[in-house]
Amino acid sequence: VARIANSQLVVQNAIYRPEVADVKSNCSYRIAKQGERTGEARLLLKRGFDSGRFYTALNDTRRVRNLQWRQVAEESGVSASTLTRMAQGKGPDVDGLAALTQWSGLDPKNFFAGETSRQSDLETVLTYLRSASELSPEEAESIAQIVRGAWELAKKRVAEK
Amino acid sequence: VIFARGFKKYAETVAADFRGELRLTTDDRFDPFVGAESLGIPVLPLEDLRPICESMHFARVRDGRAFSALTVICEGKSLIVYNDAHTDTRINNSLAHELAHALLQHEPQPFANGVRLRYREEEAEADYLAGLLLIPNLVAVRACRDSEKLASIAARFGVSDQLLKYRINVSGARRRVIRTYST
């Protein structure tokens, strides 16, 4: 029990400084720019793009702008399932990446696989847990064991990849 | 629970988009295992944890009613563990609930041992989206119109009668049925 409590340290995310994308009033310019982004996105995806890390940066952008994920999906036009896949390291498609680049103002060139590690030496056991709302202390203790076990398996899987 | 403005509509979009990606029509059953695979989220039965957990704790969690499922998020990547001692309909609901958390990109919480996390709006949101994934609104309307078929519709979609009734209640199916008959 104490072991779990001790391991609850805080993850310090790298801080990205997202710039707010410029609003261009010229429509034709915007379309041209979008085409350019799509081409750029296609190239980047071929060269091994780290979607997990891009997702983390996107999350920071969202926080800075004080928005819900729902608003990110609605404003960028990228579906919730695509965003969820990105969190799992499954890349967005070309259009999705282009749309998110435009929305966030992030430079996708900074997110090549293997350039910088997301790993941190500090860890927090992060969960969503679905269980009965009234737990006895014994039940809580046992569930804590299961959470720890699941965490170990998850860590192993991440390390294997 | 009162949802944030716009949440229900958004959840409907998310469910419809995701079911669409899985090529499910209104009449098709949502299989959470297929859904998880599409999202790249591994799903493990509790049984897989037996070798690495103390047997007393393992048995208590497995045989107790308290534990349904959990997601751990390690370096941004999710992994779901569910209680395989539960019935299929309950497992479907638990897994759909976990997938809903992932789809709504809820902020995972640091696990606090022994301390119950307060009931958060996120839980209600995940329940709502899970319901939509399992039972689309049109199915709820159909079940409401033909209450004799309630059990067979529930079985067909892999959910409990209770969940189907919940969907009839929250989807506004009743109002829709009355409106249909009165016009």
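The model shown is predicted, which means the values in this text are computed figures rather than measured ones.

**A word on the overall build of chain B**
Argument step 1. Counting its secondary structure elements, chain B contains nine helices and four strands.
Argument step 2. Reading the helices (α) and strands (β) of chain B from amino to carboxyl end gives α-α-β-α-β-β-α-β-α-α-α-α-α.
Argument step 3. Taken over the C-alpha trace, chain B has a radius of gyration of 17 Å; the compact-globule value for 183 residues is 16 Å, and the two agree within 12%.
Argument step 4. Expressed as lengths along the three principal axes of its C-alpha atoms, the size of chain B is roughly 60 × 35 × 30 Å.
Argument step 5. Considering only residue pairs separated by 6 or more positions, chain B has 62% of its internal contacts joining residues 24 or more positions apart.
Argument step 6. Entry remark: accessible area of chain B is about 8,800 Å², with carbon and sulfur atoms responsible for 51%.

**A closer look at the interface of chain A and chain B**
Accessible area lost upon the coming together of the parts serves often as the stated size of an interface.
Argument step 1. On the side of chain B, 61 residues touch chain A, which itself brings 52 residues to the contact.
Argument step 2. Summed over both partners, the interface of chain A with chain B buries about 5,300 Å², with 59% contributed by carbon and sulfur atoms.
Argument step 3. Here B:Glu107 makes a salt bridge to A:Arg62, at a shortest N to O gap of 3.3 Å.
Argument step 4. Along the contact surface separating chain A from chain B lie 15 residue pairs in polar contact (both at pLDDT 80 or more).
Argument step 5. Breaking the side of chain A that touches chain B down by element, the ones donating at least two residues are helix H3 (51–64), helix H4 (69–76), helix H5 (80–87), strand S1 (126–131) and helix H7 (137–160) of chain A.
Argument step 6. The leading source of residues in the side of chain A that touches chain B is H7(A), at 18 residues.
Argument step 7. For the side of chain A that touches chain B, the residue count by class is 24 nonpolar, 15 polar and 13 charged.

**Observations regarding the packing of aromatic side chains**
Argument step 1. A complete count under the given rule lists nine aromatic pairs over all chains for this structure.
Argument step 2. For the pair A:Tyr55 and A:Trp69, a centre-to-centre distance of 4.9 Å together with 10 degrees between the ring planes defines the contact as stacked. Pair noted here: A:Tyr55 is in helix H3 and A:Trp69 is in helix H4, with a separation of 14 residues, a long-range link. There is no split in this pair, since A:Tyr55 and A:Trp69 are both buried.
Argument step 3. Note on B:Phe33 and B:Tyr82: the rings are 5.6 Å apart at their centroids and 75 degrees apart in plane angle, and the pair reads as edge-to-face. Here B:Phe33 is found in helix H2 (residues 32–39), whereas its partner B:Tyr82 is found in strand S3 (residues 77–82), with 49 residues between them in sequence.

**Comments concerning unusual backbone geometry**
Most peptide bonds take the trans configuration, and most residues that are not glycine carry a negative phi.
All names here are of chain B.
Argument step 1. Even without glycine at this site, Arg23 takes up a positive phi of about 60 degrees.
Argument step 2. Note that Arg23 resides in the loop between helix H1 (7–21) and H2.
Argument step 3. For Gln105, which is not glycine, the phi dihedral falls at a positive 55 degrees.
Argument step 4. On the secondary structure map, Gln105 appears in the loop between helix H4 (88–103) and strand S4 (109–110).

**Quick look at the side chain of B:Thr71**
Argument step 1. Residue position: B:Thr71 is located in strand S2 (residues 67–74).
Argument step 2. By relative accessible area, which is 1% here, B:Thr71 ends up buried.
Argument step 3. For B:Thr71, the side chain forms a polar contact with the side chain of B:Glu98, separated by 2.5 Å.
Argument step 4. When sequence neighbours within four positions are dropped, the list of residues in contact with B:Thr71 reads A:Leu126, A:Thr127, A:Tyr128, B:Ser78, B:Leu79, B:Ile80 and B:Glu98.

**With respect to the environment of B:Glu12**
Residues and elements named next belong to chain B.
Argument step 1. Structurally, Glu12 is set in helix H1.
Argument step 2. For Glu12, a relative accessible area of 34% corresponds to the partly exposed category.
Argument step 3. Considered as a pair, Glu12 and Leu132 are 120 residues apart in the sequence and their alpha carbons are 6.9 Å apart.
Argument step 4. Sequence-distant contacts of Glu12, defined by excluding residues within four places in its chain, comprise Tyr128, Leu132 and Asn137.

**Some words on the confidence of the model for chain B**
Argument step 1. Per-residue confidence for chain B averages 90 on the pLDDT scale, and 95% of its residues sit at or above 70.
Argument step 2. For this predicted complex, the interface confidence score (ipTM) comes to 0.80, while the overall pTM stands at 0.78.

**Overview of a positive patch on the surface**
Argument step 1. Taken together, the side chains of B:Lys8, B:Arg175, B:Arg176 and B:Arg179 make up a positively charged region of the molecular surface.
Argument step 2. Summarising the element assignment, B:Lys8 is placed in helix H1.

**Considerations on H3(A)**
Residues and elements named next belong to chain A.
Argument step 1. Spanning 14 residues, H3 covers 20 Å between terminal C-alpha atoms, matching the ideal 20 Å at 1.5 Å per step.
Argument step 2. Taking burial as the measure, the 14 residues of H3 include 12 buried ones, the bulk of the element.
Argument step 3. For H3, every residue scored as buried is listed here: Ser51, Gly52, Arg53, Phe54, Tyr55, Thr56, Ala57, Leu58, Asn59, Asp60, Thr61 and Arg62.
Argument step 4. On its buried side, H3 packs onto H4, H5 and helix H6 (94–104).
Argument step 5. Where H3 begins, the capping side chain belongs to Asp50, and its oxygen is found 3.2 Å from the backbone nitrogen of Gly52.
Argument step 6. Of the residues one or two after H3, Asn66 is the one with positive phi, at around 60 degrees.

Procedures and definitions
- Residues numbered from 1 in each chain as written.
- Chains lettered and ligands numbered in written order.
- Predicted model: local features only at pLDDT ≥ 70, side-chain atom pairs only at ≥ 80, totals over all residues.
- Heavy atoms only, no water.
- Helix = DSSP H or I, 4+ residues; strand = E, 2+ residues; numbered from the N terminus.
- Rg over C-alpha atoms; globule rule 2.2 N^0.38 Å.
- Contact = heavy atoms within 4.5 Å.
- Areas by Shrake-Rupley, 256 points an atom, 1.4 Å probe, with all protein chains shown as cover.
- Buried area = accessible area lost by both parts, 1.4 Å probe.
- Salt bridge = Lys/Arg side-chain N within 4 Å of Asp/Glu carboxyl O.
- Polar contact = N/O pair within 3.5 Å; in protein donor to acceptor, adjacent residues only side chain to side chain.
- Nonpolar A, V, L, I, M, F, W, Y, C, P; charged D, E, K, R; others polar.
- Phe/Tyr/Trp six-rings, centres within 6.5 Å; stacked < 30°, edge-to-face > 60°.
- Buried < 20%, exposed > 50% of the residue type's maximum accessible area, 1.4 Å probe, protein only.
- pLDDT = per-residue confidence, 0-100.
- Patch = residues over 30% accessible without salt bridge, like charges linked within 9 Å, V, L, I, M, F, W, Y side chains within 5 Å.
- Lys, Arg positive; Asp, Glu negative; His and termini not counted.
- Charge placed at Lys NZ, Arg CZ, Asp CG, Glu CD.
- Expected span 1.5 Å × (residues − 1).

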